[in-house]
Amino acid sequence: MDDDGETAATESLSEGMYDVFLNFRGEDTRYIFTDHLYHRLAEIGKLKVFRDEPGLEMGDQMDSTLMEAIKRSRMFVVVISENYVSSSWCLMELEEMLKYSNNGTKRPIFPVFYYVLPAEVRHQISEKSKQAMEDHERREGVDKVKAWKLALSIVCGISGRHIVVNKEYETKAMEEIAEKVLAKHREMKQLLNKFDSQFDAVESLLNLESRNTIRMVAIYEEDAKIDTTTFAFELYYKIKYEFKSASFLGDVSKQLWENTADGLENLEKELLSDMDVEVSTQHKLQHRRVLLVLEGVDSKEHLDLLLVELGICDRFGRGSRIIITTEVKDLLHEIDGVEIRTHCIREDEFHGNRGSSAMMEENVVGLEKDFHKVINQLKDKNSAGNVVSIVGMGGLGKTTLARKVYNSNEARELFPCRAWADISQSPSLIQVFRELLKCLKVPKSKYEDSSEEELKEKVRNCLNGKKYLVVLDNVWDTDNPWDVLRNCFPRNKNGSMILVTTRDDRVANVLESKNPHVMLSFMDKEESWELFRNEVFYSKMCPPELEPIGRSIAESCNGLPLLIKTTARIVAKRERSEETWEEIKKLLPYWSIAEDKDGKKMMERLMLSYDDLSEEMKPCFLYLGAFLEDEEILVRDLICMWMAEEFIKSIIQSGRSKVASAIEAEDIGEEYLKELVDRNLVQVACRRSDGKGVKTVKIHGLIRELCISESNKSNKACSLLFPQHMGSYACMVTRRDQASTCSLFVYGYVDWRFHPFPEDFCQVNVLYLGGHSGGLMDAEYLNKLKIIRFLKGDCTGLYGLFKLQGLQTLNALSPFMGKKEKISIDEGLKQVRHIVCHSRMHLLVDEEGVKDKMQNVQTLLYVYADSQLGFLLDNGYFANLTTLGLLISKDEVELVEENLRRLHRLSKLLKLKLDFEIPKRVSLGKIAFPSNLTKISLFYFDGLKYEDMDALGRIPKLTVLKLFGVDCSEKILHCGSAGSFLQLQVFIMKFVHVRRVILEHGAMPELRRAVFRNCPGLVFKYLPEQMLCLGSNLHFVEH
């Protein structure tokens, strides 16, 4: 709504309620975004939506039409745009919406930030907004403007949808918003269906036919889990039209607690306004039959104030009805001339007799999108397969989501026949078949004595010819259970579906589930808080003084729903005070396992995932406990550590040709990691630039706790110890088959001159330093590392590291980044496979060379492309190198192109990074790029031309191209002609100076992702059409 001048309701206010109220600034969005959203919700979604249309004059109509529509609406969509703050009408509506929704806690509010940032609106940063507020203050007064500023601050604090210029199509954003609103509406419909029997019970107590006396009914919930506010709200609009006048007063006790005198005055004003009478004519109510709902009267003292001060029973005519919702069971007492009734709503009465399969609905915060994904896949008859899989770690809500789907109206309408069975890790097929038959309403007497084969046949006969949905919850394995079960589900070819929940993505693959699988993720901070609040306060408002502590407690659960619920139940049983909650917060780390029973059950669930790992994988998993919680772990480092500890080794195979071939340890490590990801025991934190491989992972705190507790059992492969005297954090890993420390992790600053090493320090296989560590890498200490295989950390005296005979992986984070190191490779590094040095290395070798020619090296970052490197390449060094980082120095500028022409000798090279330190342009066309290259990164290249891009475009297997800090010779960068970059899938430009990018038709035909970040002068609209068509896979961030 806005104050453009004229407005009117889309439709007259008919009996009943609106599903959605649209609040927007007409001049900004009326005929574009808001119109499309309205039609999506009203015409396609079939919701009853209130919006304005030109035609209604500003004035009294505001109260009678718009404010009533706000009262009647179940949800609110607030579209905040450039001129939103300038509209007093928008702000008045917003203030009312927040009032009736209790700041979004009682009725959902969906903010949409339409080409504006929340901070800009919250603080009125723009000159236009500042001027608008000054104008409002002159017209409306300081207090009103203060209230509007508070309303803006509140709505900008609610999680909403951001629409950013040149980032995406508006239609996509509109669809996402509509889906979220429709999801909430479906949830409400389910709740309303459950209200039906309770409505009947309360209406019976109200005895609406009788007009002889005034009757008062108090409604309370026995277990505080039923939302009586929503119940009373829906009941009010269901029956209000049987009365001459009606009023709904919300949060009564809250208003009276805040200020008794003002609270009573405000309540009376609202009551008279609702009943359309003035103070001077309120005596008319004594002759009217009225309905009054008092929501949230939670004190006998407050009820007495309403009876005495407001005279709620004396001012209405006979036949009037007063409904009170309360937390106080015995709130009502005898009142002269008023009939008293009390109604208790119990949770089991809402759910009824649910039987074995109709599970009681749980909190489904954060699962709305996943719900729609599942429903859409269940509806999809066109894609192959009839299995839909929900995949996620234990405790993420797989079963909760499956229950929501199973009990939804959508599933009931789609599938007349539904059944549910729990599979578990060691399923009894006889029990599974019995569960299915029970859901299919087969009398127990007909199957209780049947054999497994007979039961299977009975299930098949029950499902044959019917359109069914079968839920198989918690499927662990795909061997025996699925082979037997699949034969009892007939292929009716009528849209029948099987819904599976599993922790293992491989299970979903074996079952040939529809793609993509529905992968559950951890909750974000807002979702965690919403779930926590719902569990503690049963969807009611949290007292403001407890919210900061409550949010902190919720965040400590790290987004795991099961842990959030367990913690919330502990908190819910304690006193609701800041002091008590602070005590709980301090104790929480110990409660996740030791204190509460549910925590133990959760660990038992996670233990099942651990026990199911192969014996070879278990030490790899337990090793993850050594890292800090929530640390992003480089996959490359992790696999190299596993190798250093010999958890994984290369495997030599002999084929029919009798020629031995090797499966590299790195490849085995990749498979192990993929399996841990599939089992949801580690989280993917960041993917590689191709979007496929995993670059970094995280371990959830609960999983890390499991690693630590399991590792310290006597029969485990490794044990984790945490010394207190080293840095800010340290972990020592010992092996069961070794008496000494085998891995040492140290984070934070340590001056080792004053802190002794562990006595067995010289025996460590892995040394991982997560921060500055003083003089640790000086020669004095290097000599002690007798068998070190993996070393990562800040270092000085880099040359000494290259004498370590057993070193496999070196990641030297030099504190002297500009320093050039001259490294001789003659004496050591016999076993080295990966070298990453962030200082600048010149490799030195005698004319006779190194005997083994460093055949094991796979990664070499970063070395100068000098004549010495040219010698090494000419003589067959680094034959197995797959990743190379080169520094192009000005010291040998005349020989650069000659040295780079030797790169073709690296036949196994896949990834190449070129960092240019020289101002002189190098022609990329003169570089003999290896034919197997899949990724090239250019840093600080000067004078990039079409000829250079053409040379890159001829590399046959190139899939990823990254340009960073590149200067183009012309304002327009020609990225490729027809037939170039035939395999390129990812194109990334960061800090590239260019005005326009062009691409001929037929170039980059396989491109599926493009990134442009901070490129001075580049405008979104000047990108090639092929890239603009990438949709959400095109990322553009202006400089």
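Residues numbered from 1 in each chain as written. Predicted model: local features only at pLDDT ≥ 70, side-chain atom pairs only at ≥ 80, totals over all residues. Heavy atoms only, no water.

**Q** Sorry, what's going on with the confidence of the model for the chain here?
**A** Caution is warranted with low-pLDDT regions, since their predicted coordinates should not be read in detail. Overall, the predicted model of the chain reaches an average pLDDT of 79, with 81% of residues at or above 70. Within the chain, the lowest mean pLDDT, 28, falls on strand 1 (residues 6-9), and the highest, 94, falls on strand 36 (residues 960-964). Across residues 1-15, confidence stays below pLDDT 50; counting only partners more than four residues off in sequence or on other chains, it has 78 contacts. Across residues 347-362, confidence stays below pLDDT 50; counting only partners more than four residues off in sequence or on other chains, it has 34 contacts. (pLDDT = per-residue confidence, 0-100. Helix = DSSP H or I, 4+ residues; strand = E, 2+ residues; numbered from the N terminus. Contact = heavy atoms within 4.5 Å.)

**Q** Honestly, the side chain of Glu435 in this entry has me stumped. Any pointers?
**A** Structurally, the position occupied by Glu435 is in helix 17 (residues 429-439). We note that Glu435 is buried and unpaired, the nearest opposite charge coming from Lys438 at a distance of 9.1 Å. Those residues in contact with Glu435 that sit more than four places away from it in its chain are Trp420, Ala421 and Asp422. (Buried < 20%, exposed > 50% of the residue type's maximum accessible area, 1.4 Å probe, protein only. Lys, Arg positive; Asp, Glu negative; His and termini not counted. Salt bridge = Lys/Arg side-chain N within 4 Å of Asp/Glu carboxyl O.)

**Q** Just checking my understanding: could you explain the sheet that holds strand 22 (residues 694-698) for this structure?
**A** Hydrogen bonds along the backbone pair up the strands of a sheet, which may run parallel or antiparallel. Spatial ordering of the open sheet is given by 18-22-21, a layout of 3 strands whose pairing is antiparallel. Because the sheet does not close on itself, it has two edges, and the strands there are strand 18 (633-634) and strand 21 (683-687). (Pairing = 2+ DSSP bridges.)

**Q** Even after reading the chapter, I still don't get the packing of helix 21 (residues 525-537) against helix 22 (residues 547-555), so can you show me in this structure?
**A** The description of two packed helices rests on the angle between their axes and on the distance between the axes. For the pair helix 21 and helix 22, interaxial distance at closest approach is 9 Å and the crossing angle is 110 degrees. Classified by the interaxial angle, the pair formed by helix 21 and helix 22 is roughly perpendicular. The crossing of helix 21 and helix 22 is right-handed. Here Lys525, Glu526, Ser528, Trp529 and Phe532 of helix 21 lie close against helix 22, whose contacting residues are Glu547, Gly550, Arg551, Ile553, Ala554 and Glu555. (Axes fitted to C-alpha atoms, helices over the stretch in contact; angles between N-to-C directions. Parallel < 35°, antiparallel > 145°, perpendicular 65-115°, else oblique. Left-handed = near helix turned anticlockwise from the far one by under 90°.)

**Q** Just to check I follow, could you spell out helix 31 (residues 867-874) for this structure?
**A** Note that an α-helix has 3.6 residues per turn; residues three or four places apart therefore point the same way. Along helix 31, the residues classified as buried are Gln868, Leu869, Gly870, Leu872 and Leu873. Where helix 31 begins, one side-chain oxygen reaches toward the backbone nitrogen of Leu869, 3.0 Å away; that side chain belongs to Asp866. Gly876 sits one or two residues past helix 31 and shows a positive phi near 80 degrees. (Polar contact = N/O pair within 3.5 Å; in protein donor to acceptor, adjacent residues only side chain to side chain.)

**Q** What exactly am I supposed to notice about the packing of aromatic side chains here?
**A** Both the distance between ring centres and the angle between the ring planes are used here to describe each pair of aromatic rings. Overall, the coordinates contain 27 aromatic pairs when judged by the stated rule. Aromatic pair Phe916 and Phe941: ring centres 4.9 Å apart, planes at 85 degrees, arrangement edge-to-face. Here the residue Phe916 occupies a position in strand 33 (residues 911-916), and Phe941 occupies one in the loop between strand 34 (935-939) and strand 35 (942-944), the gap between them amounting to 25 residues. The class for Phe916 is buried, based on a relative accessible area of 5%. (Phe/Tyr/Trp six-rings, centres within 6.5 Å; stacked < 30°, edge-to-face > 60°.)

**Q** Would you mind going over the sheet that holds strand 7 (residues 161-163) with me for this structure?
**A** With parallel pairing, the 5 strands of this open sheet are ordered in space as 3-2-5-6-7. The sheet is open, and its two borders are formed by strand 3 (49-50) and strand 7, each paired with just one other strand. The pairing of strand 5 (residues 73-80) with strand 6 (residues 109-114) spans 5 bridges and is parallel. Its bridge partner being in strand 6, Val78 is matched across the sheet by Pro111. Here helix 7 (residues 142-156) sits on the sheet and contacts strand 5 and strand 6; the angle it forms with strand 6, its principal contact strand, is near 95 degrees.

**Q** Which parts of the structure should I look at to understand the packing of helix 14 (residues 368-379) against helix 15 (residues 398-407)?
**A** Where helix 14 contacts helix 15, the two axes come as close as 10 Å, and the packing angle between them is 55 degrees. Relative to helix 15, helix 14 is oriented oblique. Here helix 14 runs over helix 15; the crossing is right-handed. For the pair formed by helix 14 and helix 15, the contact residues are Asp370, Phe371, Val374, Ile375 and Leu378 on the first element and Leu401, Lys404 and Val405 on the second.

**Q** Teacher, can you tell me more about the nonpolar core here?
**A** Note on soluble globular proteins: their nonpolar side chains tend to be buried together. Core analysis: the largest hydrophobic core is formed by 123 residues, its most contacted members being Leu472, Phe489, Phe532, Phe621, Trp642 and Phe745. Considering every element that reaches this core, the biggest residue donor is helix 27 (residues 635-644), with 8 residues. Once residues lying within four places of it in the same chain are set aside, the contact partners of Leu472 are Ala421, Ile423, Trp482, Leu485, Phe489, Ile498, Leu499, Val500 and Thr501. (Core = buried A, V, L, I, M, F, W, Y, C linked by side-chain atoms within 4.5 Å.)

**Q** Help me out: how do you make sense of unusual backbone geometry in this one?
**A** The general pattern is negative phi for most residues beyond glycine and trans for most peptide bonds. Here the residue pair Asn515 and Pro516 is connected by a cis peptide bond, since its omega of -5 degrees sits within 30 degrees of zero. Topologically, Pro516 is positioned in the loop between helix 20 (505-510) and strand 17 (518-519). Notably, Tyr115 is not glycine yet its phi reads approximately 60 degrees, a positive angle. Its place among the elements puts Tyr115 in the loop between strand 6 and helix 5 (118-122).

**Q** Can you help me understand the environment of His372 in this one?
**A** Inspection of the secondary structure assignment puts His372 in helix 14. The buried category is assigned to His372, whose relative accessible area is 10%. Excluding residues that lie within four positions of it along the chain, His372 makes contacts with Glu179, Ala183 and Arg186.

**Q** Can you help me understand the pairing of strand 24 (residues 729-735) in this one?
**A** Put simply, side chains in a regular strand alternate between the two faces of the sheet. Counting buried positions over the 7 residues of strand 24 gives 7, a clear majority of the element. Across the two faces of strand 24 the burial is the same, with Tyr729, Cys731, Val733 and Arg735 and Ala730, Met732 and Thr734 all buried. In this sheet, strand 24 lies alongside strand 23 (residues 718-721) in antiparallel orientation, the contact comprising 4 bridges. Residue pairing for strand 24: Cys718 is matched across the bridge by Arg735. Across 6 bridges, the pairing between strand 24 and strand 25 (residues 741-747) is antiparallel. Residue pairing across strands places Met732 opposite Leu744, the latter belonging to strand 25.

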